[in-house]
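Understanding the architecture of this molecule
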Amino acid sequence: MVRIRVLVVDDHRIFAESLAAALAAEPDVDVSAAGSGPAALRSLERAAAEGRRYDVLLVDADLGAALPGIRPAVPVQEVGEDGLVDGISLVVGVRAAQPHVRIVVLAEKDDPRRAALALQAGASGWVAKDCSLSRLLTVIRGVLREETHLPPALLTGVLRELTAARKHRTESERLVESLTPREREVLRCMVAGLGRKAVADRLFLSPHTVRTHMQNVLGKLGVHSTLAAVALARRAGVGPVDLVGPSAGDVVERGGQLA
């Protein structure tokens, strides 16, 4: 019998332990639980090193949301919205480190926008936390067959969100293409989190020249802050420059103004 190795990742201990116990009753499922993103990553690394990789992760969409001071890594798409999705941040990290692992996001409620974000991040499914065990097992086995699973009620909304995201990406790419090569280089520095002085040192320019380039970038992109410029750049697929040397710690924006 081929066994499925499942890791439940949820910081609500009772829920995680109850779900793990229910799954463990299945004859073809081996299951463990982790109470945080870092704990999950450690479990994945340890399992891979021991030659017993996990097959499926079940990740809480709101992982870390109840903990004070948690600011997850991956922002939601809309510029200026303060909500950050830590469960989806974990999806991004796991897919980058162990792309063979299939990920299903467990959610308290249906949300087309966040479900679309999860799929964009690399998840293979979005399931309500209160779904039946048989439904969850169907999804687990389905994603291992390269299937994508969404609740039928979410399908139209998710398709709308994905279409809108594609449209935004196309527009963002057009705006980035309007930049000169030097301005694109400056934008990549901004994406990396470098402030004006750090960019000047890196590109061997005066701070005044860098400030002019940054202002031109904001103007051509049609945004009013560096955070908005970085969000647009990421939608267009613009990556950061490699950070080398002391300039990496500089701040790119303070209070919405150029540093």
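Scroll up for the structure.
Right, let's walk through the structure included here. (Residues numbered from 1 in each chain as written. Predicted model: local features only at pLDDT ≥ 70, side-chain atom pairs only at ≥ 80, totals over all residues. Heavy atoms only, no water.)

1. A few points about the pairing of strand β2 (residues 29–34)
Applicable threshold: A strand pair is defined by DSSP finding two or more bridges across the two strands. Only DSSP runs of H or I reaching four residues or more are called helices, and only runs of E reaching two or more are called strands; each is numbered from the N terminus. With strands facing away from the observer, any crossover in which the path from the first strand over the helix to the second runs clockwise is taken as right-handed.
Sheet topology places strand β1 (residues 4–9) next to β2; six bridges connect them, and they run parallel. Across the sheet, the residue bridging to L7 is S32, located in β2. Between the parallel elements β1 and β2, the chain passes through helix α1 (residues 13–24) in a crossover that is right-handed.

2. What to know about the nonpolar core
One recurring pattern in soluble globular proteins is that nonpolar side chains are buried together. The condition that has to hold: Nine residue types can take part in a nonpolar core, namely buried Ala, Val, Leu, Ile, Met, Phe, Trp, Tyr and Cys, and a core is a set of them joined through side-chain atoms within 4.5 Å. Burial classes follow relative accessibility: with a 1.4 Å probe on protein chains only, a residue under 20% of its type's maximum area counts as buried, one over 50% as exposed, and anything between as partly exposed. Any pair of residues with heavy atoms lying within 4.5 Å of one another is described as a contacting pair.
Counting 31 residues, the largest nonpolar core has L7, V9, L57 and W126 as its most contacted members. Those elements that provide at least two residues to this core are β1, α2 (37–49), β3 (56–60), α3 (86–97), β4 (102–107), α4 (112–121) and α6 (152–177). In terms of residue count, α4 provides more of this core than any other element does, six residues in total. When near neighbours in sequence (up to four residues on either side) are disregarded, V9 contacts A34, S36, A40, L57, L58, V59, D60, L63 and L90. Among the nonpolar cores identified, the runner-up in size contains 28 residues, and V186, M190, L232 and A236 belong to it.

3. Some remarks on unusual backbone geometry
Most peptide bonds are trans, and most residues other than glycine sit at a negative phi. The phi torsion at E146 lies on the positive side, around 70 degrees, for a residue other than glycine. Mapped onto the elements of the fold, E146 is located in the loop between α5 (133–143) and α6. Note on E146: relative accessible area 58%, which makes it exposed. Within the chain, F204 stands out as a residue other than glycine whose phi angle is a positive 60 degrees. Looking at F204, the relative accessible area reads 77%, which means it is exposed.

4. Section: the pairing of β4
Along a regular strand, successive side chains alternate from one face of the sheet to the other. Among the six residues in β4, six count as buried, and that is most of the element. Here β4 shows a buried face lined by R102, V104 and L106 and a second buried face lined by I103, V105 and A107. Alignment of β4 against strand β5 (residues 125–128), held across four bridges, turns out to be parallel. Bridge pairing in β5 links V104 to G125. The parallel pair β4 and β5 is bridged by α4, and the resulting crossover is right-handed.

5. A closer look at the side chain of H213
Inspection of the secondary structure puts H213 in helix α9 (residues 207–221). A relative accessible area of 16% means that H213 is categorised as buried.

6. Considering the environment of P151
Within the element layout of this structure, P151 appears in the loop between α5 and α6. Owing to a relative accessible area of 15%, P151 belongs among the buried residues under this scheme. Residues P151 and V127 lie 24 residues apart in sequence; the distance between their C-alpha atoms is 6.8 Å. For P151, the contacting residues outside a window of four places in its chain are D110 and W126.

7. Comments concerning the sheet that holds β1
Test applied: All axes here are fitted lines through C-alpha atoms, helices being fitted over the stretch that makes contact, and every angle between N-to-C directions spans 0 to 180 degrees.
The strand order across the open sheet formed by five strands is β2-β1-β3-β4-β5, and the pairing between neighbours is parallel. Unpaired on one side and paired on the other, β2 and β5 mark the two borders of the sheet. When strand polarity is set aside, the average angle formed by the axes of neighbouring strands in this sheet is 25 degrees. In this fold α1 packs onto β1, β2, β3 and β4, with an angle of close to 170 degrees to the strand it touches most, β2. Docked against the sheet, α2 engages β1, β2 and β3, running at close to 160 degrees with respect to β1.

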